[in-house]
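What follows is each chain in one-letter form.
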Amino acid sequence: MEYDIHPDCMPDYLDPGELRALQLARLQATVQRCFDNVDLFRQRMNERGLTPGDIRTLDDVSKLPFTQKTDLRDTYPYGLFAVPMKEVVRLHASSGTTGKPIVVGYTKDDLDVWSSVVLRSFIAAGLHAGDVLQNAYGYGLFTGGLGAHGGAERLGAAVIPISGGNTDRQIMVMKDFGVTAICCTPSYFIHLIEKVNASGISFKDLDLKIGVFGAEPWTDAMRDYIQRESGIRAFDIYGLSEIIGPGVGIECSEQSGIHIFEDHFLVEIVDPRTDEVLPAGEEGELVITTLTKQAFPMIRYRTHDITSIVPERCACGRTLCRINRIRSRSDDMMVIRGINVFPSQIESALLSVEEKLPHYQILLTRKSGLDQIEVQVEVTEEMFGDRIRELETMQKNLAYAIEHTIGLRVPVRLVEPHTIARSEGKAKRIIDKRSEGEEIR
Ligand code: DLL
């Protein structure tokens, strides 16, 4: 088995004791580097009466202060960088929902780590040198495009830097260039499936075998749909700009949880209300500490992503821990009449009624100070030609499925084909008009 392992992937199979020792040494070095070079971190350590020497075991990480997205905004653009600018060779930025973006930087060594973890991700998903990879993540400030690109080149795959959008060209390239693997957001791939089918091409005639999808939450039901419709295997890749970009973790051939590249990233799950660290198996907010980042190290970064650590070892042989697929972001959670509702629950309910994934969006408004929700579901061309009664039945079934899943009766409105905007990157599922004082009719 050793002969088959790519040298970059050796840490995937480290003895757990060795891995813990490596993590501790790297954690201590990171804490020292941040203490020496990042004012905000040193100040917070001083406030707690902590010094880097107080980190003696891996569990001591819980003594360290959290880093929040607001800290990145408050120190915009470079305030949390731990190296002088002359060592920074790349900048990326993530568009925040409001105001200024978050700026992240990389040294040459950071880029090396990044391409290595993305290479390990691609190998876990079954790619090899010689694969032809259509990289439809956006190139530019977004980390998706260039992040996947670096890993693919390092692997020796032929990477097509097509970036997002221009769906007709994507389909032409997929067919003519003999594309064997693709990466993009899952919602964009679903759009591609729709367009491929409409253009009369059959996936059977394409060489496409593997999809590496991420950058937004998606469900097992969505995976089933993608795999069934396109005949490829679809893998979930996770990452975030603040930590490195894509490549924090990925699923392996078992498709049962996201392996975290623990030699570079230390993960904890905390209760988002009490900040208590939760044991493996319990669901909470993912908190990540980088162990090797030079330019932009992160200590206990609050991701807002909701998941849990899978307690068991994976059948694939990797000793790396796994997290369950990200169900949602804690800040995506809607509270409707006192009930916590996640968009992924609505999606699963819709999929349980319709075999084909419907295009949908969730409209949030406010009426008399209370949040109101409406689910808009696009009907397909075929359905649109159906009789009114059949559409009514469909609407009732969808509403029933949602009520059954979330325990709340929610209005469902069927809308005409192609009226819900398609996205080339991350899908926008929630239209939040609560601050506009609008009301649902
Ligand atoms: O989305 C990095 C990335 C690019 C990951 C390509 C995977 C593939 P950001 O734009 O900073 O970075 O957004 C990070 O996206 O905190 C999650 O909420 C969400 N996210 C990323 N991957 C997944 C996933 C990139 N596989 C934020 N499942 C994260 C669910 C995901 N959510």
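Residues numbered from 1 in each chain as written. Predicted model: local features only at pLDDT ≥ 70, side-chain atom pairs only at ≥ 80, totals over all residues. Heavy atoms only, no water.

> Any chance you could break down the side chain of T219 for me, citing the residues and the numbers?
By secondary structure assignment, the location of T219 is in the loop between β6 (210–214) and α8 (220–230). Classification of T219 as buried rests on a relative accessible area of 12%. Reaching out from T219, the side chain makes a polar contact with the side chain of E347 at a distance of 2.9 Å. When neighbours within four sequence positions are excluded, T219 is seen to be in contact with R325, S344, E347, S348 and L351. (Helix = DSSP H or I, 4+ residues; strand = E, 2+ residues; numbered from the N terminus. Buried < 20%, exposed > 50% of the residue type's maximum accessible area, 1.4 Å probe, protein only. Polar contact = N/O pair within 3.5 Å; in protein donor to acceptor, adjacent residues only side chain to side chain. Contact = heavy atoms within 4.5 Å.)

> So what about the pattern of salt bridges? Which residues, and what values?
Oppositely charged side chains are able to pair whenever their charged atoms sit close together. Scanning all chains against the criterion turns up 26 salt bridges. Notably, a salt bridge pairs D54 with R56, separated by 3.9 Å at the nearest N-O pair. Exposure remark for R56: the relative accessible area of 55% places this residue in the exposed category. Salt-bridge contacts for D60 lead to K63; the nearest nitrogen and oxygen are separated by 3.4 Å. (Salt bridge = Lys/Arg side-chain N within 4 Å of Asp/Glu carboxyl O.)

> Quick rundown of the packing of aromatic side chains? Include the residues and the values.
Enumeration over the complete set of coordinates arrives at six aromatic pairs. With a centroid separation of 5.1 Å and an interplanar angle of 40 degrees, the aromatic rings of Y78 and F81 are classed as tilted. When its relative accessible area of 6% is taken as the criterion, F81 is described as buried. Measuring from centroid to centroid gives 5.8 Å for F213 and W218, while their planes differ by 80 degrees, and the two rings are edge-to-face. Of the two residues, F213 and W218, neither departs from the other in class, the shared state being buried. Every member of this aromatic cluster is reached through a ring pair, and the members are F189, F203, F213 and W218. (Phe/Tyr/Trp six-rings, centres within 6.5 Å; stacked < 30°, edge-to-face > 60°.)

> Break down the nonpolar core for me, citing the residues and quoting the values.
Residues F41, F122, L127, V212, V248, F265 and I288 are the most contacted members of the largest nonpolar core, which totals 73 residues. Contact partners of F122, with chain neighbours within four places excluded, come to L127, L133, A148, G151, A152, L155, C183 and V212. Listed in part, the 27 residues of the second largest apolar core include I162, M174, L192 and F213. (Core = buried A, V, L, I, M, F, W, Y, C linked by side-chain atoms within 4.5 Å.)

> Describe the domain arrangement of the protein chain, listing the residues and the values that go with them.
Assigned domains of the protein chain: these are domain 1 (1–330) and domain 2 (333–436). Relative to domain 2, the C-alpha centre of domain 1 lies at a distance of 30 Å. The interface is formed by 21 residues belonging to domain 1 together with 19 residues belonging to domain 2. For the pair domain 1 and domain 2, the two sides together bury roughly 1,700 Å², of which 54% comes from carbon and sulfur. The interface formed by domain 1 and domain 2 holds one salt bridge in total. Linking domain 1 with domain 2 are six residue pairs in polar contact (both at pLDDT 80 or more), by the criterion used here. Elements with a minimum of two residues in the side of domain 1 that touches domain 2: α7 (186–198), α8 and β15 (328–329). (Domains from an automatic or database assignment. Buried area = accessible area lost by both parts, 1.4 Å probe.)

> I'd like a description of unusual backbone geometry, backed by residues and values.
That bond from Y76 to P77 is cis: its omega, -5 degrees, falls within 30 degrees of zero. A positive phi angle, close to 65 degrees, is found at S163, a residue other than glycine. Considering the arrangement of structural elements, one finds S163 in the loop between β4 (158–160) and α6 (167–176). For H304, which is not glycine, the phi torsion reads 70 degrees and is therefore positive. Locating H304 in the fold gives a position in strand β12 (residues 301–307). What makes H304 partly exposed here is its relative accessible area of 22%.

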